[in-house]
Amino acid sequence: MTSGPSTDWTSSPSLASALVRFQPAAGATEKGLGGLVHEAVERPGGLVRGRLCLQVAAAYAVPAETALRLAAAVEYFHLASLLLDDLPAMDDASERRGAPCAHRLHGEARAILGSMLFVNRAHLLLAEATESSPVPVRRRFRHLLDNALGGRGLCDGQALDLAFDAASGARGVSRVAVGKTVPLLRLSLLLPAVCGGAQASEQLALNRLSVYWGLTYQHLDDLADARSSTEETGKTVGRDAALSRPNLVHAIGEAATLKRSGLLLARADKVLGQLSHRRPALAGAGFWHERLVHLFRSAA
């Protein structure tokens, strides 16, 4: 599946610039907190979720400024989750994106406050993006956010991760992945689609795509955690085994993990093909599928 053409505002530099422009610490008076937030937006990572959001927004003719607010909000939710994930009470990581974790440089309290700043600013951006939208769109946004971030989404997934019992096997591992990894991909695909008036059938297909992509990414990340070094990944690895956290490789082995990843990629390719046939501009979201295929082939 090849990526379609993109306009300037769907590019990574445009999104990176928007993250700096919208950053929540512009008025912060405490130097350490402002520094933490600024460092986070200056090292935004691959921006996969935001780029997906922009590509879907372009496919549904969502205005550029609205789309950039949606994409920045999703990236801010992601940044907030990483700040918390890395804390000693969670993954106890030391390195993220090739640099020391925020709590190592600025303290745990500031990392928590920084996470709150990002979540707060994300909600503000979403409110601005939808302030002139019809009531059904705003209602759908609230539903998506509650399911993605609350007791049935990201928060629950992290709690399941912390309470993981290896006896739950592959089913338990997948349940955690659905809670931790899928929700922000779902927001990346569905928020711009809803904003652009996507039909219910298209929203269902995009939701399926978020599940297939999310699980594939998590399975491949499990492989990387089991196989790779910190130097290769730019983040602390080997934590799943050290902390008895969910990892599909530990549950079913490398060969079975690769097989499952391949099946998920095949399903994702089919759904993406169907969506692109109905709305050709959605092929632009195929950049992430191609990346997952590349990671899968490298792992195999």
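Residues numbered from 1 in each chain as written. Predicted model: local features only at pLDDT ≥ 70, side-chain atom pairs only at ≥ 80, totals over all residues. Heavy atoms only, no water.

Caption draft 1: Structural detail: the overall build of the chain. Helices and strands together make up the secondary structure of the chain, namely 16 helices and 2 strands. The C-alpha radius of gyration computed for the chain amounts to 18 Å, which stays within 12% of the reference 19 Å derived for 300 residues, consistent with globular compactness. In terms of principal-axis extent, the alpha carbons of the chain reach across some 50 × 50 × 30 Å. Here the contacts in the chain between residues at least 6 apart in sequence split such that 75% fall between residues at least 24 apart. Separation between the mean location of the 33 positive side-chain charges and that of the 28 negative ones in the chain comes to 7 Å. (Helix = DSSP H or I, 4+ residues; strand = E, 2+ residues; numbered from the N terminus. Rg over C-alpha atoms; globule rule 2.2 N^0.38 Å. Contact = heavy atoms within 4.5 Å. Lys, Arg positive; Asp, Glu negative; His and termini not counted. Charge placed at Lys NZ, Arg CZ, Asp CG, Glu CD.)

Caption draft 2: Layout of the packing of aromatic side chains. For the structure shown, the criterion picks out 2 aromatic pairs. Aromatic side chains Y76 and F118 sit 5.2 Å apart centroid to centroid with 40 degrees between the ring planes, which places their arrangement in the tilted category. Of this pair, Y76 sits in helix α4 (residues 64–85) while F118 is found in helix α6 (residues 108–130), placing the two residues 42 residues apart along the sequence. Comparing Y76 with F118, the two get one shared label, buried. (Phe/Tyr/Trp six-rings, centres within 6.5 Å; stacked < 30°, edge-to-face > 60°. Buried < 20%, exposed > 50% of the residue type's maximum accessible area, 1.4 Å probe, protein only.)

Caption draft 3: Summary view of a nonpolar patch on the surface. The grouping of I112, L113 and M116 at the surface amounts to a nonpolar patch, some 280 Å² of accessible area in total. Take M116: it is sitting in helix α6. Accessibility expressed as a relative area gives 52% for M116, which makes it exposed. (Patch = residues over 30% accessible without salt bridge, like charges linked within 9 Å, V, L, I, M, F, W, Y side chains within 5 Å. Areas by Shrake-Rupley, 256 points an atom, 1.4 Å probe, with all protein chains shown as cover. Salt bridge = Lys/Arg side-chain N within 4 Å of Asp/Glu carboxyl O.)

Caption draft 4: Quick peek at the nonpolar core. L52, Y60, Y76, F118, L187 and W213 are the most contacted members of the largest nonpolar core, which totals 78 residues. Per-element tally for this core: the top contributor is α4, with 12 residues. Apart from residues no more than four positions distant in its own chain, L52 is found in contact with L185, S188, L189, W213, A285, F287 and W288. Among the nonpolar cores identified, the runner-up in size contains 5 residues, and A170, V173, V176 and L248 belong to it. (Core = buried A, V, L, I, M, F, W, Y, C linked by side-chain atoms within 4.5 Å.)

Caption draft 5: Representation of the packing of helix α3 (residues 48–59) against α4 within the structure. Packing of α3 against α4 brings their axes to within 8 Å, and their N-to-C directions diverge by 155 degrees. By the angle between their directions, the pair α3 and α4 is classed as roughly antiparallel. Considering only the axes of α3 and α4, their crossing is right-handed. Residues V48, R49, G50, C53, L54 and A57 of α3 form the contact with α4, whose participating residues are A67, L68, L70, A71, V74, E75 and H78. Of the residues assigned to the contact of α3 with α4, the class counts are 9 nonpolar, 2 polar and 2 charged. (Axes fitted to C-alpha atoms, helices over the stretch in contact; angles between N-to-C directions. Parallel < 35°, antiparallel > 145°, perpendicular 65-115°, else oblique. Left-handed = near helix turned anticlockwise from the far one by under 90°. Nonpolar A, V, L, I, M, F, W, Y, C, P; charged D, E, K, R; others polar.)

Caption draft 6: A look at the environment of D85. Tracing the backbone through its elements, the reader meets D85 in helix α4. Overall, the relative accessible area of 13% leaves D85 in the buried class. Separated by 21 residues in sequence, D85 and A64 place their C-alpha atoms 31 Å apart. When near neighbours in sequence (up to four residues on either side) are disregarded, D85 contacts M90, D91, D92, R96, Q158 and K180.

Caption draft 7: How the structure looks around the environment of G114. Here G114 lies in helix α6. Dropping the residues within four chain positions of it, G114 is found in contact with L33, L36, V37 and L83.

Caption draft 8: Representation of helix α16 (residues 286–299) within the structure. Here α16 is 14 residues long and its end C-alpha atoms lie 20 Å apart, about the 20 Å a rise of 1.5 Å per residue gives. Next to the buried residues of α16 lie α3, α10 (182–195), α11 (200–227) and α15 (254–278). (Expected span 1.5 Å × (residues − 1).)

Caption draft 9: Up close: the packing of α4 against α10. The contact between α4 and α10 brings their axes to 10 Å, and the two run at 165 degrees. In this view, α4 runs roughly antiparallel relative to α10, as classed from their interaxial angle. Crossing geometry of α4 relative to α10 is assigned as right-handed. Taken together, the residues of α10 that come into contact with α4 (itself represented by T66, L70, V74, F77, H78 and S81) are L184, L187, S188, L191, P192 and C195. For the contact of α4 with α10, the per-class residue count stands at 8 nonpolar, 4 polar and no charged.

Caption draft 10: Highlighting the pattern of salt bridges. Per the counting criterion, the structure on display carries 8 salt bridges. Among the salt bridges present, the one from E65 reaches R21, with a minimum N-O distance of 3.2 Å. Of this pair, E65 sits in helix α4 while R21 is found in helix α1 (residues 12–21), placing the two residues 44 residues apart along the sequence. E65 gets classed as partly exposed once you look at its relative accessible area, which sits at 38%.

Function cannot be inferred from these measures alone, as they are strictly geometric.
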